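# A look at the structure
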Amino acid sequence: MVRLVTYLLLAITTGAASFFIGNSTVVSMTTGFAIGMLIPAMDEIGKNWNHLRHIWYSLRYRNQSIRVSTSYLFRIFIDGKYLLIRGKRYPTQFQPVGGVHKVSHQGSSSLAAMGVTGDDLIPIDPESDGDIRVRVPGRNIVSFFNWFDSREGREDSPWREFQEELIASNVLPAADFPHIMHNYIRRDVDKIRYSAYADSLEVLVADIYELIPNRAQEDALRQLMSQGHPDIQWVAAQQIRRRGAVPGQPQSVEIAAHAQRVL
């Protein structure tokens, strides 16, 4: 952020100075310098866009509560099809493997110091306890995301949900999945919006990972695809975009909207 401000100030001041200088050569040089400084400035704006947006939220919504839910999702893609699993809370829907990040005791103390409170939309039970599905005072939204980005005091691996949903449930053989390799794809941070479901402003965050299976794991996934499983659907990208619909066929599968994040 300091570098961004520096770039902008240099570009603005050198550009403005050129208007008060009569020498065309100097004007050309200063204008060129200003343009040269604006390029990295715009690059910095792109890199820090989410941070700038959160600063704006903290000013505009400082006296309101913002619901924030953070999660991680797996892209599991084999032979042109994506693996989706039946939802736990919404069993009629299929969605990517993944779930809400968990917070540690240390992290809970940090959140409490910011005035962050638990969310009451989902009943607190052993499964949802510790979820980063919270209400953040608007004035502290920047502090919350700084804490989240630091990764201190929160879950920082997608293994737990993968293990719970696919290994512990015997969907995939544990012998072939003692560990997994995955690539981090990106983070989606949705724009703030009003959620009628939450009856509040809301920001949704999702980290997207891609499973990189070894040969034995690929074989296990193909076997799962060929044998079928009542809690698993293998679908093409178009079917995910259409929320489960297939042109010319009765809809038999309902796909959650957030499944599109893994495409």
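Keep in mind it's a predicted model, so treat the numbers as computed, not measured.

Before going further, it helps to examine the overall build of the chain. Each helix and strand in the chain was counted, giving eight helices and twelve strands. Every one of the 263 residues in the chain was classed for burial, and the buried ones make up 43%. Counting only contacts in the chain whose residues sit at least 6 apart along the sequence, the fraction spanning at least 24 positions is 71%. Summing over all exposed atoms, the chain offers an accessible surface of approximately 14100 Å²; the carbon and sulfur share of this is 56%.

Before going further, it helps to examine unusual backbone geometry. Even without being glycine, R151 reaches a positive phi, approximately 70 degrees. Its location among the elements puts R151 in the loop between α5 (141-150) and α6 (159-167). Notably, N170 is not glycine yet its phi reads approximately 65 degrees, a positive angle. Classification of N170 as exposed rests on a relative accessible area of 65%.

The next thing to look at is the pairing of strand β10 (residues 200-212). Buried residues dominate β10, accounting for ten of its 13 residues. Strand direction decides the pairing type here: strand β1 (residues 65-75) and β10, joined by ten bridges, are parallel. Its bridge partner lying in β10, R75 is registered against E210. Where strand β8 (residues 181-189) and β10 come together, eight bridges link them in antiparallel fashion. If you follow H182 over to β10, its bridge partner there is L211. Sheet topology places strand β9 (residues 193-195) next to β10; three bridges connect them, and they run antiparallel. Counterpart to Y194 in the pairing with β10 is L201. Where β9 folds back on β10, the antiparallel hairpin that results is connected by four residues, among which D199 adopts a positive phi of roughly 55 degrees.

The rules behind the values
- Residues numbered from 1 in each chain as written.
- Predicted model: local features only at pLDDT ≥ 70, side-chain atom pairs only at ≥ 80, totals over all residues.
- Heavy atoms only, no water.
- Helix = DSSP H or I, 4+ residues; strand = E, 2+ residues; numbered from the N terminus.
- Buried < 20%, exposed > 50% of the residue type's maximum accessible area, 1.4 Å probe, protein only.
- Contact = heavy atoms within 4.5 Å.
- Areas by Shrake-Rupley, 256 points an atom, 1.4 Å probe, with all protein chains shown as cover.
- Pairing = 2+ DSSP bridges.

Function cannot be read off these values alone, since they describe shape.
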